[in-house]
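# Secondary and tertiary structure notes
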Amino acid sequence: MASLQDIGISAAINLLSACAFLIAFAILRLQPVNDRVYFPKWYLKGIRGSPRRSRGVVTRFVNLDWRTYIRFLNWMPAALKMPEPELIEHAGLDSAVYIRIYLLGLKMFVPISILAFGVLVPVNWTGGTLENIKDLTFSNVDKLSISNVPPGSPRFWAHLIMTYVFSIWTCYTLYMEYKTVATMRLRYLAAEKRRPDQFTVLVRNVPPDPDESVNEHVEHFFCVNHPDHYLSHQIVYNANELAKLVSQRKTLQNWWTYYQNKYDRNPSKRPTTKTGYGGFWGTTVDAIDYYDAKIQDLAEKEAAERQRVLNDTKAIVPAAFVSFKSRWGAAVCAQTQLCHNPTIWLTEWAPEPRDIFWDNLSIPYVELTIRRLLMAIALFLLVFFFMIPIAFVQSLANIEGIQKVFPFLKPLIDMKTVKSVIQGFLPGIALKIFLILLPTILMTMSQIEGYTSLSYLDRRSAEKYFWFIIVNVFLGSIITGTAFQQLKSFLEQPPTEIPKTVGVSIPMKATFFITYVMVDGWAGVAAEILRLVPLIIFHLKNTFLVKTEQDRQQAMDPGHLDFSISEPRIQFYFLLGLVYAAVTPILLPFIIVFFTFSYIVFRHQVINVYDQKYESGAKYWPSVHRRLIICLLISQLLMMGLLSTKKLAMATAMLLPLPILTIWFNRYCAGRFESAFSKFPLQEAMVKDTLEKATEPNLNLKEYLRGAYVHPMFKGQEMDRPQVVDEEESNPLVPTKRTSQSTSRYASEANSAAATPTDKHHTSSSAIMEITKSLIRRRFRVFSVLFQSESKKAQTWAVR
């Protein structure tokens, strides 16, 4: 295990890196030329104007006001000043709740650290076990861990009691945070402005009908089954090929703009390019004419593909976005089963328009189960085989491994400074490099699974990333980094022995995770605020592609909170804190620094930079809570495994109820709060509808929803829309083109109810009309009785 000196050198390197990033950010953000890079959110809201318009030649690019450089750290208090309600209104509930995860880390680990350093550190330090073992090399860090307590010692009761205390405090903070976030979500939904997804339901797996198209079938079904609330619908087209053509044309348009700007700067020379791939080989041609011709060709293909999609019935997907006249009607449809067959007419709340992942709407519903099964197998294989490079890197990230593979480096490695850098810095950075490409792979797997919203794709990718980190980064680093030669026996031993094997190795890897926290948590977060890559890309676009103010606006890349990556990373720090709180408490201060620094940095980014792709109303919180519970369970099981090797069977048995109670606590929280994140209460829906009707009696909801759920490739195009049913229409019958024996449930039931044995399969339209009228009269009588009953109750209460 590395010594305190090695950890100090690593801390110094990472602190210097973080300070360098912060100083560079403080200077770059003050320059007018970088204003759109570090404050893009205010530009997108139309609040901030370019500081380069009314200045001199030099001051348009460089800030010469020396007083601003003295206050270069004023962004930190400014990031903390905005109240949370204002932050929700400014950035959305998703961003505000995400920041609360860092605050939750501080609420959880600051009291735990105080208790751990006040109780467990003295117990560990005075254990004296390591000093009494001959020929054992250890450092002061080892003396702070549970490894310094002798086997069978009653001192372990302190660790057992603290494990219970830490678990109880963790559950309390999780419960209070779940309650707070659920309240915030309900309050947010109640105060939220009108949005198309509040009135719209996504209907999938529309059954085929021999007499009606998907468009007609959807209209007929909802006019019959939701006659009082159905408003309109938008069928879904498979426009994936069209989207590819549009994307290609935009790329070519950028190249055309680049060469046109180049020619405008130097009209004496026409720019040229080569016709081969990437413009590196092939025939030399005039660049402007070449790209202009390619753009025209793609435009023709695009128009032809658009017409094919609109006219080809095979391009219509058996799904539709169905809109209702009220939120109450949409809530009833989205949260109930529409048909006796649970595999057809499947409904769910429609994502907001910018949250839709259009590519997956064209996937047949029957394929989804197969796709998800294949991706589950692929995830298992990815997690398993990725341990091979992790093991290789971890074996090299120590002195013995490097000397064995590269013996000629032994004189350099023996140098004290180099040795400290290798042990304190190299392991964390090597692991970080291996994790760069992983999120892209996991997101692709989630897309293959067929989920239809970007928010759900992020949640699924976060789930995969979390388990990958648990198996490969945490367990893989512990096992392969300390006992790679025992890996085979570890895989072959019974499951009950796994916590024991891992628990023994945990204290030995504390310094590795300390360096990882510093590399990824300290320097990594500081690099996030610098935004070096967006800075370079913006200036490249601004130099070669920007011609107008609108082009400059499009060149901005505000970025967004990537929940699929950032959430599992945060939860990994929760896992480290919970596991090492009772084992090696020296890790906790490093985690607290990470949560504090991240809270300030990401609050600043959310206020000034990030522009979220969607707003889900913090739907991801139940997943965050569940994964934190998993982290707590892992810490408890590993503590049981560790204590079982310390010749204290009674203490191990005393910990058995803890995981059971934790699982019960998770089930209680799910039953208490989870429905607030998946369902919209009918009471709240009715309240919002009533208030809206009172405040906006002339609202044209049909016009408001028009085009909201049209495929982006058809925006601005005239689409074939169904006629909206008039609320005052006296004839409630729905016209249909059905002439054969219908496969539709609602038609067959009406026919069978009115038909005699001789005309059972050929019910006349007049008979259907009579049945429908009788049903309407019956429903009216029921409503009249209910109304009279309620009126009598009201009179009775009035008399009392």
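For the structure, see preceding data.
Now for a quick tour of the structure. (Residues numbered from 1 in each chain as written. Predicted model: local features only at pLDDT ≥ 70, side-chain atom pairs only at ≥ 80, totals over all residues. Heavy atoms only, no water.)

### Description of the overall build of the chain
Heads up, the condition is: Helix and strand assignments follow DSSP, with helices taken as H or I runs no shorter than four residues and strands as E runs no shorter than two, numbered in order from the N terminus. Buried residues are those whose accessible area, probed at 1.4 Å on protein chains only, stays under 20% of the maximum for their type, while exposed residues exceed 50% and partly exposed ones sit between those limits. We call two residues in contact when some of their heavy atoms are within 4.5 Å. Each accessible area is a Shrake-Rupley estimate made with a 1.4 Å probe; only the visible protein chains count as cover when residues are assessed.
A tally of helices and strands in the chain yields 35 helices and 6 strands. In the chain, which comprises 800 residues, the proportion classed as buried is 48%. Of the contacts made within the chain by residues no fewer than 6 positions apart, 81% connect residues no fewer than 24 positions apart. Counting only carbon and sulfur atoms, one obtains 62% of the accessible surface of the chain, whose full area is about 39,900 Å².

### Remarks on the packing of helix α7 (residues 93–125) against helix α28 (residues 588–608)
Applicable threshold: Each axis is a line fitted through C-alpha atoms, taken for helices only over the stretch in contact, and angles between the N-to-C directions span 0 to 180 degrees. Roughly parallel refers to an angle under 35 degrees, roughly antiparallel to one over 145, roughly perpendicular to one between 65 and 115, and oblique to any angle outside these ranges. Each crossing gets its hand from how the near helix is turned against the far one by less than a right angle, where anticlockwise is left-handed and clockwise is right-handed. Three classes are used: nonpolar for Ala, Val, Leu, Ile, Met, Phe, Trp, Tyr, Cys and Pro, charged for Asp, Glu, Lys and Arg, and polar for all others, with Gly counted as polar.
Two elements in contact, α7 and α28, have axes separated by 9 Å at closest approach and are oriented at 160°. By the angle between their axes, α7 is roughly antiparallel relative to α28. At the point where α7 passes α28, the crossing takes the left-handed sense. Across the contact of α7 with α28, the residue classes tally to 19 nonpolar, 5 polar and 1 charged.

### A few points about the sheet that holds strand β5 (residues 316–324)
What counts, and what does not: Should DSSP find at least two bridges between two strands, the strands are regarded as paired.
Across the sheet, 4 strands lie side by side as β2-β5-β1-β6; this open sheet has antiparallel pairing. Only two strands of the sheet have a single neighbouring strand rather than two, namely β2 (230–237) and β6 (346–349). The mean angle between the axes of side-by-side strands here comes to 30°, regardless of whether they run parallel or antiparallel. Judged from the 5 bridges that link them, strand β1 (residues 200–204) and β5 form a sheet pairing that is antiparallel. Counterpart to Val 201 in the pairing with β5 is Val 322.

### Focus on the pattern of salt bridges
Short version of the rule: Between Lys or Arg on one side and Asp or Glu on the other, a salt bridge is scored when a side-chain nitrogen of the former is within 4 Å of a carboxyl oxygen of the latter.
Applying the stated rule across the entire model yields 27 salt bridges. Of the charged contacts in the structure, one is a salt bridge between Arg 194 and Glu 696, with a shortest N-O distance of 2.5 Å. Within this pair, whereas Arg 194 is found in the loop between α9 (156–191) and β1, its partner Glu 696 is found in the loop between α32 (682–695) and α33 (701–705), the two being separated by 502 residues in sequence. One salt bridge in this structure joins Glu 352 and Arg 195, with 3.8 Å as the shortest N-O distance.

### A closer look at the nonpolar core
This is how the line gets drawn: Only buried Ala, Val, Leu, Ile, Met, Phe, Trp, Tyr and Cys residues count toward a nonpolar core, and they belong to the same one when joined by side-chain atoms within 4.5 Å.
In this structure, Phe 109, Phe 222, Trp 345, Phe 474, Leu 576, Phe 595 and Trp 621 are the most contacted members of the largest nonpolar core, which totals 164 residues. Ranked by residue count, the leading element in this core is α7, at 15 residues. Judged by nonpolar contacts, the second largest core, of 11 residues, contains Leu 202, Ala 319, Phe 321 and Ala 708.

### Some points on unusual backbone geometry
Even without a glycine there, the phi angle at Asn 205 is positive, about 55°. Although it is not a glycine, Trp 345 adopts a positive phi angle of roughly 50°.

### Notes on the environment of Lys 325
Looking at the secondary structure, you find Lys 325 in the loop between β5 and α13 (327–334). According to the relative accessible area criterion, Lys 325 is buried, its value standing at 19%. For the pair Lys 325 and Asp 689, spaced 364 residues apart in sequence, the C-alpha separation works out to 9.4 Å.

### Section: the packing of α13 against α32
Viewed as axis vectors pointing N to C, α13 and α32 meet at an angle of 155°, and their least axial separation amounts to 8 Å. With respect to α32, the element α13 is oriented roughly antiparallel. Residues Arg 327, Trp 328, Ala 331 and Val 332 of α13 lie in contact with α32, whose contacting residues are Leu 682, Ala 685, Met 686, Lys 688, Asp 689 and Glu 692. Classifying every residue of the contact of α13 with α32 gives 6 nonpolar, no polar and 4 charged.

### Some points on the pairing of β5
Of all 9 residues making up β5, 7 are buried, and the element is well covered by its neighbours. Judged from the 7 bridges that link them, β2 and β5 form a sheet pairing that is antiparallel. Looking across to β5, one finds that Tyr 237 is bridged to Ile 316.

### Topic: a nonpolar patch on the surface
As a reminder, the rule being used: Two distance rules govern patches: like charges are joined within 9 Å, and nonpolar side chains (Val, Leu, Ile, Met, Phe, Trp, Tyr) within 5 Å, applied only to residues with over 30% relative accessible area and no salt bridge.
Judged by side-chain polarity, Ile 370, Leu 373, Leu 374, Ile 377, Phe 380, Leu 381, Phe 384 and Phe 385 come together as a nonpolar surface patch covering roughly 830 Å² of accessible area. With respect to the element layout, Leu 381 can be found in helix α14 (residues 365–385).

### Description of the side chain of Ser 446
By secondary structure assignment, the location of Ser 446 is in helix α20 (residues 438–448). Ignoring anything within four residues of it in the chain, the contact list for Ser 446 reads Tyr 451, Leu 457, Arg 460, Ser 461 and Lys 464.

### Remarks on the pairing of β1
Across the 5 residues that make up β1, a large majority, 5, are buried. Neither face of β1 is left uncovered, since the one carrying Thr 200, Leu 202 and Arg 204 and the one carrying Val 201 and Val 203 both have all their residues buried. In this structure, β1 lies alongside β6, joined through 4 bridges in antiparallel fashion. Looking across to β6, one finds that Leu 202 is bridged to Glu 348.

### A word on helix α10 (residues 214–225)
To keep it simple, the criterion reads: Under the convention used throughout, the expected extent of a helix is 1.5 Å for every residue step, that is, one less than its residue count.
Look at α10: 16 Å from first C-alpha to last across 12 residues, which is about the 16 Å you get at 1.5 Å a residue. For α10, every residue scored as buried is listed here: Asn 215, His 217, Val 218, His 220, Phe 221, Phe 222 and Cys 223.

### Overview of the side chain of Ser 326
Keep this limit in mind: Side-chain atoms alone can form a polar contact between residues adjacent in sequence; in general such a contact is a pair of N or O atoms within 3.5 Å, and within protein one must be able to donate a hydrogen while the other accepts it.
Tracing the chain through its elements places Ser 326 in the loop between β5 and α13. Looking at Ser 326, its side chain comes within polar contact range of the side chain of His 229, at 3.5 Å. With residues up to four places along the chain from it excluded, the contact list for Ser 326 reads Phe 199, His 229 and Asp 689.

### Here's the deal with the environment of Asn 124
Structurally, the position occupied by Asn 124 is in helix α7. In this structure the C-alpha to C-alpha distance between Asn 124 and Pro 150, which are 26 residues apart in sequence, comes to 9.6 Å. With sequence-adjacent residues up to four places away left out, Asn 124 is seen in contact with Lys 143, Leu 144, Ser 145, Ile 146, Asn 148, Val 149, His 159, Val 583 and Pro 585.

### Quick notes on the environment of Asp 142
With respect to the helices, strands and loops of the structure, Asp 142 is situated in helix α8 (residues 140–143). By relative accessible area, which is 10% here, Asp 142 ends up buried. Along the chain, Asp 142 and Trp 125 lie 17 residues apart, while their C-alpha atoms are 8.8 Å from each other.

### What about the packing of aromatic side chains?
The line we're drawing: Between rings of Phe, Tyr and Trp, where Trp is taken as its six-membered ring, a pair exists when centres lie within 6.5 Å; planes separated by under 30 degrees are stacked, by over 60 edge-to-face, and by other angles tilted. As a reminder, the over-ring test applies to NZ of lysine and CZ of arginine, requiring each to be within 6 Å of the ring centre and within 35 degrees of the ring normal.
For the structure on display, the rule yields 45 aromatic pairs. Centroid distance Phe 513 to Phe 572: 6.1 Å. Interplanar angle 65°. Geometry classified as edge-to-face. On the criterion of sequence distance, the pair formed by Phe 513 in helix α24 (residues 510–530) and Phe 572 in helix α27 (residues 563–580) is long-range, its members being 59 residues apart. An identical accessibility class is assigned to Phe 513 and Phe 572; each is buried. The lysine or arginine in question, Arg 194, covers the ring of Tyr 704, its NZ or CZ lying 5.1 Å from the ring centre. One residue, Arg 270, lies across the ring of Tyr 263, its end atom 4.9 Å from the ring centre.

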